[in-house]
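# Remarks on the overall topology
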Amino acid sequence: MQSVTVKTHANISLIKYWGKRDEVLFLPTKSSLCIALSELTTTTSITQAAGDQDEISINWQVTTEISHKKIIDFLTLFRTLYGIKQFFAITTHNNFPTAAGLASSSSGFAALALALNAFSKLNLSEKELSILARQGSGSASRSVCGGFITWHRGENELGTDSYAEQTFDAQHWPEFRVLVIVVRNDAKKVSSREGMRITTSTSPSYQTWLTNSAQRMPLIVEAIRNKNLHEVGELAEADWAEMQQTMLDSQPQLDYWTPTSRDVMQAIKTLRSAGIPCYFTTEAGPNVKLICLENNVQTIIKTLREIDGVLDIIACKVAQAPIVTEK
Ligand code: PMV
């Protein structure tokens, strides 16, 4: 039987995405920029279903009913968009905790979009794939590419110009590293989808963040072009801090951190004061992501491992493009 297997990488943003201007089409309120992570992967296989319904097997470490429903909704959308009648048997596996603020939906829906495209022989372009993946999860629009990636906000309300593309490839900055500091493995209490809804409708600082963040986009692209870690780190932390502020001044307040997240962030600042260039960001979850250069990885890992509550530290390079295998 025909089968397709796709391996994609989760991404973390340095200029963040938090909020939609259209919830049906997943149109963001602003552009964002991210890095694909070499060690956080989703592997998804697809074949034809035996009967007249989709079969889904999610051997993720944490499986939620919500993840299952989101996949079914995405398959239904795919059939509607491309006039396909077939049902699918999908097996999908993450090599890292799911729905815990480690961007599992980014690699998850990108893998699904790429697998459906190859299985149905649609030959969609990267831009079309990004637009499709976006409608499963906004951040997934970015995981159809490798390297440093920009997701354009887009101007029209049909969503045809809101897609991601590579800004620099994975080889551009070989020494660049991301450390993923895992402090919790379980699913977060408030999903990003719900959290964004709360923030966009209640946060008094939201508009300010949108304005400031848009100004940071061209600056961070230049800083990455020049391989200037200090600039990249300062811009990423500034963007993260303002996004956190919008979460904290939302009603109800969104606080995704644990005491260990705070200890890790403090330790990163201390390392920096001691002359080790390293900067952090978080998603909607307690796990912390640190950016640094290869020569400081061992020192940083040694320091952070000593913090009570740190469960794991995953060192990533900038990932290459996804891999699609057909049989
Ligand atoms: O696409 P979602 O619903 O997983 O949104 C993720 C949003 C953040 O991870 C918090 C930020 C980002 O830019 O990815």
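See above for the structure.
So, here's what we can say about the structure. (Residues numbered from 1 in each chain as written. Predicted model: local features only at pLDDT ≥ 70, side-chain atom pairs only at ≥ 80, totals over all residues. Heavy atoms only, no water.)

### A word on the packing of aromatic side chains
- With the rule as written, the count across this model stands at 13 aromatic pairs.
- Judged by centre distance (4.7 Å) and plane angle (70°), the rings of tyrosine 17 and tryptophan 151 are edge-to-face. In this pair, tyrosine 17 is assigned in the loop between β1 (4-15) and β2 (20-22) and tryptophan 151 in strand β7 (residues 148-151), connecting sequence segments 134 residues apart. Just as tyrosine 17 is buried, tryptophan 151 falls in that class too.
- Centroid distance tryptophan 240 to tryptophan 257: 5.7 Å. Interplanar angle 15°. Geometry classified as stacked. Taken as a pair, tryptophan 240 in helix α6 (residues 229-248) and tryptophan 257 in the loop between α6 and α7 (259-273) lie far apart in primary sequence, 17 residues in all.
- In this structure tryptophan 257 comes out as buried when scored by relative accessible area, which is 17%.
- Among the aromatic residues, those joined into a ring-pair cluster are Phe78, Tyr82, Phe88 and Phe119. (Phe/Tyr/Trp six-rings, centres within 6.5 Å; stacked < 30°, edge-to-face > 60°. Helix = DSSP H or I, 4+ residues; strand = E, 2+ residues; numbered from the N terminus. Buried < 20%, exposed > 50% of the residue type's maximum accessible area, 1.4 Å probe, protein only.)

### Points about the state of the cysteines
- For the coordinates displayed, the defined rule picks out zero disulfides.
- The cysteine cysteine 145 is free of any disulfide, with cysteine 34 supplying the nearest cysteine sulfur at 8.1 Å.
- Cysteine 278 carries a free sulfur, and the closest cysteine sulfur to it, the one in cysteine 292, is 6.9 Å from it. (Disulfide = S-S within 2.5 Å.)

### Describing the site of the ligand
- Lining the immediate surroundings of the ligand are 13 residues, of which Ser13, Tyr17, Ser137, Arg142 and Glu283 lie closest.
- Contacts to the ligand include serine 139, whose backbone N or O atom sits 2.9 Å from an oxygen atom.
- For the ligand, whose unbound accessible area comes to 380 Å², protein coverage reaches 93%.
- Here the shell around the ligand is built from residues that sort into four nonpolar, six polar and three charged.
- Each of domain 1 (4-173) and domain 2 (176-316) contributes no fewer than three residues to the shell around the ligand. (Near = heavy atom within 4 Å. Polar contact = N/O pair within 3.5 Å; in protein donor to acceptor, adjacent residues only side chain to side chain. Areas by Shrake-Rupley, 256 points an atom, 1.4 Å probe, with all protein chains shown as cover. Nonpolar A, V, L, I, M, F, W, Y, C, P; charged D, E, K, R; others polar. Domains from an automatic or database assignment.)

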